[in-house]
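Residue strings, one per chain:
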Amino acid sequence: MIFNRLFCNRGILIQNFRQHGWIGILYLITLLFSLPLYIATEYRDVPQQITSLFQANGEVQILFAITLPVAAGIFLFRYVQSGAPSDLFHSLPLRRKHLLTVNLLTGFAMILLPIWITTAITGWVWAVLDQPAFLFDGSTIWMWGLSMSIYSLFMFMLTVAVGMCIGQSVLQGLTVYALVLLPVVVWFIMSLHFQHYLLGYAFEEVGFNAEKLSLVLRVGSISNLPVIRQELIIYAIFAILFIPLTYVLYAKRQVESATQAVTFKLIKPIFRFGLMFTLVLIGGGYFTMIAPRGSAGWGIFGYILGGIVGYIVAEMIIRKTWLIWSSRLLPKLILYGIIAGLILYVPIADWNGYAARVPEMSKVNSIKLGGESYTYSNGVRQKKDDTHLYSNDPEYVEAVIALHQKIVDSDLPLLDDPINTGMRNDESILINYKLDNGKVMKRKYYIPEAEFHQELMALKQSQDYKRVAFETYKLDEDALSFGIRSAISSYRKVYISNPEQVREFKALLKQDILDQTYEEQRSPWQSFAYAEMNQDSSSKEPFQPKEMWNFEIKPSYDRVLVWLKENKLYDQLLVQADEIVSAQFAKQEINSPGSLQWATPQPEYIDGNLSGNKQIATKNKEIISDLLKRQRSGYLTEKDTIYQIKLNVTRGENIYMMLKEEDLTEEMKAILVNQ
């Protein structure tokens, strides 16, 4: 009876539903439209097998889950942020824990009942639908209901907990989303900071993991990244912890704090430093991105400017005035600045040993070069098993450690531009050490090839490197056929489907790849052809994208080229000079300091005459033969002179290629001298 009269006061409950019940009704309608109605009305010729209901319009569902519970938290506790309503509610013959309980129960009902009703209706639709567009089982429906309940409860309780510390509703909402986004902002900008100042920092995986840190970013990834149990457990723990925290904060909150920006003295320095440090990171990150290449001072200026602006803004919000100057302002700013500086400096300091650490060979279990690989299974992106990519060959391990040691000992300026990665240096090395203690140590470097030529050659000529870098392990698997396409003309194709020929081709191709030298690996010339391996699909899912495995056939692959000639396939891929009517040359100047450009054959450049320069055409068969023998692969450059070339073919498609100015033969230079 006491419970009904105090903790579940009927009058307040009815008043809450009369005043704010529209939030729950709106939540129910939006969920019904976004899930059961969508599933019932969607049509597909071939039903899609899904493992999560978020794969069916999930972005819209999660968008509602991060907005309407926040609205419920703000409107239900709006009375504690306003002077008159606060006085009125706190003058009722109810203790604060009674008020909080009845409002929390109202909020739970408004956000959970719509989810549970939607879950039940989805189950009914699933049971009665004759021709469903999506195939799933009953556990998928329950999992959706559980996930949405936890997401919504987390956002609602976070809003209520924040509201106890904030005295303004607008600031409360802004703070909630700032807190949800804060882990991603901190991680992203700290990664920029480490990349700029910490040699060897492996920053590759930030983008993939950032989506898992914020419910706001889950809006864009929920249909591709599955909801994992660990994620739900973490959000559920936070939602539960917020409940007793809210009771404690509400009990200590003063009625007079309504309309104040921050309600507790203890929270004010946290709020002040949190806002200041966030703007320190944003300022440093922004000025790092817009800085001219090699200008380290811009980033430092951004950190300082962000800190000053952040502190002033925080002080103005707390005091609710722009007249904040006092004798204590500057000492506090310096104190907060020192703390922020230490947080930024300590991880990149030389004395912590991160940059100079090279594992001993005896402590290395195995090594992999390269990043993570992902695949799609039932429409969900999943990390591939990379166990087979690790090598424990002593010669290979020794070569990697020797290269790593030389990088660490080098006095070269190897810290890279975090925005234009790899601009200055032309070799990217990502090392994954699997240590004997079970941990994985990662380092990433961009290095100039000329300075590390010997170490790179020793590493890249090893069999284990070529096995992984050129994926020759796939050639050990069964293949149904190979499709081979000319690198010059996509019209020139041949197919190998005879099992005996497939086995011979696989073996020769693998041997040619494993025998190629370091210089052949770095060859700037275009390949002769590309071979695509076709295998039986391991998935019965019709929408499962099929993995493609392509291999280059370089001009140096003698075994494969001889085999193609013996089997009368080589000439079918070859473009003869007699088939070319003429060759057109158009000069292109690339001049973009600080911004790398891809130099590639561009049909529109020569057909649209984008340069406006005079184009030179020739029918000289010697020049045409030279062009057919070699053409440059695409590459990144800031400044260069290249020639876009078009070969006019008697039949079929025209051929586009490019050469650098230094690639031109004397005959070519002779006809281009007046261009």
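Everything quoted here is computed from the prediction, not taken from an experiment. (Residues numbered from 1 in each chain as written. Predicted model: local features only at pLDDT ≥ 70, side-chain atom pairs only at ≥ 80, totals over all residues. Heavy atoms only, no water.)

**Student:** Before we move on, can you summarise the overall build of the chain with the specific residues and values?
**Tutor:** When its secondary structure is counted, the chain shows 25 helices and 17 strands. Along the first, second and third principal axes, the C-alpha set of the chain runs to 100 × 70 × 60 Å. Across the chain, the fraction of contacts at a sequence separation of at least 24, relative to all contacts at a separation of at least 6, is 77%. By element, 59% of the accessible surface of the chain is carried by carbon and sulfur atoms, the whole surface being about 33500 Å². For the chain, the separation between the mean place of its 63 positive charges and that of its 64 negative charges on side chains is 13 Å. (Helix = DSSP H or I, 4+ residues; strand = E, 2+ residues; numbered from the N terminus. Contact = heavy atoms within 4.5 Å. Areas by Shrake-Rupley, 256 points an atom, 1.4 Å probe, with all protein chains shown as cover. Lys, Arg positive; Asp, Glu negative; His and termini not counted. Charge placed at Lys NZ, Arg CZ, Asp CG, Glu CD.)

**Student:** Tell me about empty space enclosed by the protein, and please be specific about residues and values.
**Tutor:** Left-over empty space is what a probe sized like a water molecule reveals as it rolls over the atoms. Going through the model one piece at a time under the given rule, you end up with 2 cavities of 30 Å³ or more. What the second largest cavity holds in volume is close to 30 Å³. Around the second largest cavity sit Ile39, Val125, Trp126, Leu129, Pro132, Phe134 and Phe136, which together line it. When grouped by side-chain class, the residues that make up the lining of the second largest cavity number 7 nonpolar, no polar and no charged. (1 Å grid on protein atoms, 1.4 Å probe; cavity = no way out; pocket = protein on both sides within 12 Å on 5 of 7 lines; lining within 4 Å. Points joined across faces, edges and corners; volume = space filled by probe spheres on them. Nonpolar A, V, L, I, M, F, W, Y, C, P; charged D, E, K, R; others polar.)

**Student:** So what's going on with the nonpolar core? Residues and values would help.
**Tutor:** Core analysis: the biggest nonpolar cluster contains 70 residues, and Tyr27, Phe77, Tyr151, Phe156 and Leu215 have the highest contact counts within it. Listing elements by their share of this core, those giving two or more residues are α2 (10-34), α4 (58-65), α5 (68-76), α7 (96-128), α8 (138-165), α9 (169-197) and α12 (229-252). Of the residues forming this core, the biggest block, 15 residues, is contributed by α8. If you look at the next biggest cluster of nonpolar residues, it comprises 56 residues, including Leu435, Leu459, Met533 and Leu573. (Core = buried A, V, L, I, M, F, W, Y, C linked by side-chain atoms within 4.5 Å. Buried < 20%, exposed > 50% of the residue type's maximum accessible area, 1.4 Å probe, protein only.)

**Student:** Break down the pattern of salt bridges for me, with residues and values.
**Tutor:** Evaluation of the coordinates by the stated rule reveals 20 salt bridges. Note that Glu315 is salt-bridged to Arg319, the shortest N-O span being 3.0 Å. Remark: Arg319 and Glu315 occur in helix α14 (residues 296-319); sequence separation between them is 4 residues, near one turn of the helix. (Salt bridge = Lys/Arg side-chain N within 4 Å of Asp/Glu carboxyl O.)

**Student:** I'd love a proper account of the environment of Trp116, names of residues and values included.
**Tutor:** Along the chain, the position of Trp116 falls in helix α7. Residue classification places Trp116 among the partly exposed positions, given a relative accessible area of 48%.

**Student:** Tell me about α12, residues and numbers included.
**Tutor:** Helix length check: α12, at 24 residues, gives a terminal C-alpha distance of 35 Å against a target of 34 Å (1.5 Å per residue), a fit within 8%. Tucked inside the fold, the buried residues of α12 contact α6 (83-90), α7, α8 and α11 (218-221). (Expected span 1.5 Å × (residues − 1).)

**Student:** Before we move on, could you go through the packing of aromatic side chains and cite the residues and values that matter?
**Tutor:** For any pair of aromatic rings, the description rests on two quantities: the centre-to-centre distance and the angle between the ring planes. For the structure on display, the rule yields 22 aromatic pairs. On the basis of an interplanar angle of 40 degrees and a centroid distance of 6.1 Å, the ring pair of Phe154 and Phe242 is categorised as tilted. Here Phe154, found in helix α8, pairs with Phe242, found in helix α12; they are 88 residues apart in sequence, far enough to count as distant. You'll find Phe154 and Phe242 in the same group, each marked buried. Of the aromatic side chains, those joined through ring pairs into one cluster are Phe54, Trp144, Tyr151, Phe154, Tyr235, Phe238 and Phe242. We note Arg632 situated over the ring of Trp525; from NZ or CZ to the ring centre the distance is 5.1 Å. A cation over an aromatic ring shows up here: Arg632 above the ring of Tyr635, its NZ or CZ 6.0 Å from the ring centre. (Phe/Tyr/Trp six-rings, centres within 6.5 Å; stacked < 30°, edge-to-face > 60°. Lys NZ or Arg CZ within 6 Å of the ring centre and 35° of its normal.)

**Student:** Please give an account of the layout of surface pockets that cites residues and values.
**Tutor:** The volume enclosed by the second largest pocket comes to roughly 1100 Å³. Listed by contribution, the elements that provide at least two residues to the lining of the second largest pocket are α8, α9, α12 and α13 (267-290). Ranked by residue count, the leading element in the lining of the second largest pocket is α9, at 11 residues. Considering only residue class, the lining of the second largest pocket consists of 32 nonpolar, 4 polar and 2 charged.

**Student:** Explain the pairing of strand β3 (residues 364-369) to me, using residue names and the numbers behind them.
**Tutor:** Burial runs high along β3: 5 of the 6 residues are buried. Sheet analysis places β3 next to strand β6 (residues 427-435), joined by 5 bridges and oriented antiparallel. Paired with Val364 across the two strands is Leu435, which belongs to β6. (Pairing = 2+ DSSP bridges.)

**Student:** Please provide a residue-by-residue account of the packing of α4 against α8, values included.
**Tutor:** Where α4 meets α8, the closest approach of the two axes is 9 Å, and the angle between their N-to-C directions is 35 degrees. Along the contact surface, α4 presents Gln61, Ile62 and Ala65, while α8 presents Trp144, Met148, Tyr151, Ser152 and Met155. (Axes fitted to C-alpha atoms, helices over the stretch in contact; angles between N-to-C directions.)

**Student:** Go over the packing of α7 against α8, please, and point to the residues and values.
**Tutor:** Packing of α7 against α8 brings their axes to within 10 Å, and their N-to-C directions diverge by 160 degrees. Taken together, the axes of α7 and α8 lie roughly antiparallel to each other. Read as a crossing pair, α7 and α8 show a hand that is right-handed. Partitioning the contact of α7 with α8 into residue classes produces 17 nonpolar, 10 polar and no charged. (Parallel < 35°, antiparallel > 145°, perpendicular 65-115°, else oblique. Left-handed = near helix turned anticlockwise from the far one by under 90°.)

**Student:** How would you sum up the sheet that holds strand β11 (residues 549-553)? Please name residues and give values.
**Tutor:** Through backbone hydrogen bonds, the strands of a sheet pair up, either in parallel or in antiparallel fashion. Across the sheet, which stays open at both edges, the 4 strands sit in the order β9-β8-β10-β11 with antiparallel pairing between neighbours. Since the sheet does not close on itself, it has two edges, and those belong to β9 (493-496) and β11, each with one partner. Neighbouring strand axes in the sheet, compared pairwise and without regard to direction, differ in orientation by 20 degrees on average. Relative to β11, strand β10 (residues 529-534) runs antiparallel, the two being bridged by 5 bridges.

**Student:** If you had to explain a nonpolar patch on the surface to someone new, which residues and values would you point to?
**Tutor:** Judged by side-chain polarity, Trp325, Leu330, Ile334, Ile338, Leu342, Tyr345, Val346 and Trp351 come together as a nonpolar surface patch covering roughly 920 Å² of accessible area. Relative to the helices and strands, Trp325 is located in the loop between α14 and α15 (329-345). Classification of Trp325 as exposed rests on a relative accessible area of 67%. (Patch = residues over 30% accessible without salt bridge, like charges linked within 9 Å, V, L, I, M, F, W, Y side chains within 5 Å.)

**Student:** Describe the side chain of Thr122, and please don't skip the residues or the numbers.
**Tutor:** Residue placement: Thr122 occurs in helix α7. Discounting chain neighbours no more than four positions away, the residues touching Thr122 are Leu35, Pro36, Ile39, Leu53 and Ile141.

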